[in-house]
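If you want the building blocks of each chain, they are given just below.
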Amino acid sequence: MKECPKCGNDLNVKLIGSIEVDECISCKGIWLEKGELREAKDLIDPNLNWLDFEIWKHEDKFSSKQGAIKCPTCNIPTVSIEYGHTGVNVDYCKNCHGVWLDRDELPNIIDALEHEINEKTFSEYVDETIKEAKEVITGPESFMSEWKDLSSIFKLMQYRLYVEKPKLVETLADINTLNPFK
Ligand SMILES: [Zn+2]
Ligand SMILES: [Zn+2]
């Protein structure tokens, strides 16, 4: 059984939806294996699907410093990395790509991302979309998974466009023009 990297107590299996994570019985921190943080985030709020920070893909972009804990799987020191612009520093293992979150860090990440999504303007969505579109062509991820991200951006854009420019959406519908969001 794995031990909590923070307090040394046992880690127990805890379910976040259908995702099995390891939770410390004492300090309630959780250990997420590679990809599980992303899955958990998307499960809790599917609108956050496209706000992804592939730490392991863009390691150089993240300011990282030596973390205070050791990976419970690999037993090597983790690095402390800010997850996106959430202000939450997570402990990340460069070897297995697992992530340790202290109690409340997951809800704090979700809150920060939801805040970010509400703050973004339509033009920022377009910028994101273009960036994502480039990744579809050049990115190492499989085409289908990139495409999934991209189509959710389009859905969000449609929603955003509707909120900011409802008249425009109506007009587009009226003249029955090609609607790229359908
Ligand atoms: Zn603990
Ligand atoms: Zn590890």
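On a predicted model such as this, the values are computed, not experimentally measured, just so you know.

S.K.: Hey, could you run me through the coordination of the zinc ion (ligand 2) in this one?
M.R.: Between any two of four tetrahedral donors, the ideal angle at the metal is 109.5 degrees; between two of six octahedral donors, it is 90 or 180 degrees. Around the zinc ion (ligand 2), the protein supplies Cys71 (SG), Cys74 (SG), Cys93 (SG) and Cys96 (SG) as donor atoms, at distances of 2.2 to 2.3 Å. Taken together, the 4 donor atoms surrounding the zinc ion (ligand 2) define angles of 106 to 116° at the centre, an arrangement classified as tetrahedral. One chain supplies every donor for the zinc ion (ligand 2), spaced along it as C-x2-C-x18-C-x2-C. Cysteine 93 gets classed as buried once you look at its relative accessible area, which sits at 0%. With a relative accessible area of 26%, cysteine 96 lands in the partly exposed category.

S.K.: Sorry, what's going on with the packing of helix H1 (residues 36–44) against helix H2 (residues 105–119) here?
M.R.: Each pair of packed helices can be summarised by the angle the axes make with each other and by the distance between the axes. Where H1 contacts H2, the axes come no closer than 11 Å and their chain directions differ by 60°. Judged by the angle between their axes, H1 and H2 are oblique. Once H1 is placed against H2, the crossing between them reads as right-handed. Across the interface between the two elements, Leu37, Ala40, Lys41 and Ile44 from H1 touch Leu106, Ile110 and Leu113 from H2. Class assignment for the residues of the contact of H1 with H2 results in 6 nonpolar, no polar and 1 charged.

S.K.: Please explain the nonpolar core as it appears in this structure.
M.R.: Ranked by size, the top nonpolar core spans 21 residues in total, and within it Ile30, Leu37, Val90, Leu101, Leu106 and Ile109 carry the most contacts. Counting only elements with at least two residues in this core, the list comes to strand E2 (19–24), strand E3 (30–32), H1, strand E5 (77–82), strand E6 (89–92), strand E7 (99–101) and H2. With 5 residues, H2 is the largest single contributor of residues to this core. Non-local contacts of leucine 106, meaning those with residues more than four positions away in its chain, are made with Ile16, Ile30, Leu37, Ala40, Ile44 and Leu101. If you look at the next biggest cluster of nonpolar residues, it comprises 8 residues, including Cys4, Cys24, Trp31 and Cys93.

S.K.: Where do I start with the side chain of glutamate 23 in this structure?
M.R.: Take glutamate 23: it is sitting in strand E2. Residue classification places glutamate 23 among the buried residues on the basis of a relative accessible area of 16%.

S.K.: Mind showing me how you'd approach the pattern of salt bridges here?
M.R.: It is possible for side chains bearing opposite charge to pair when their charged atoms get close. With the rule as written, the count across this model stands at 5 salt bridges. With a shortest N-O distance of 3.1 Å, aspartate 22 and lysine 2 are connected by a salt bridge. Taken as a pair, aspartate 22 in strand E2 and lysine 2 in the segment before strand E1 (11–16) lie far apart in primary sequence, 20 residues in all. Note on lysine 2: relative accessible area 24%, which makes it partly exposed. We note a salt bridge from lysine 41 to aspartate 42, for which the minimum N-O separation is 2.9 Å. Taken individually, lysine 41 and aspartate 42 each receive the classification buried, so the pair is uniform in this respect.

What counts and what doesn't
- Residues numbered from 1 in each chain as written.
- Chains lettered and ligands numbered in written order.
- Predicted model: local features only at pLDDT ≥ 70, side-chain atom pairs only at ≥ 80, totals over all residues.
- Heavy atoms only, no water.
- Donors = N, O, S within 2.8 Å, 3.2 Å for Na, K, Ca; no water.
- Tetrahedral: all angles 85-135°; square planar, octahedral: opposite > 155°, others 65-115°.
- Buried < 20%, exposed > 50% of the residue type's maximum accessible area, 1.4 Å probe, protein only.
- Axes fitted to C-alpha atoms, helices over the stretch in contact; angles between N-to-C directions.
- Helix = DSSP H or I, 4+ residues; strand = E, 2+ residues; numbered from the N terminus.
- Parallel < 35°, antiparallel > 145°, perpendicular 65-115°, else oblique.
- Left-handed = near helix turned anticlockwise from the far one by under 90°.
- Contact = heavy atoms within 4.5 Å.
- Nonpolar A, V, L, I, M, F, W, Y, C, P; charged D, E, K, R; others polar.
- Core = buried A, V, L, I, M, F, W, Y, C linked by side-chain atoms within 4.5 Å.
- Salt bridge = Lys/Arg side-chain N within 4 Å of Asp/Glu carboxyl O.

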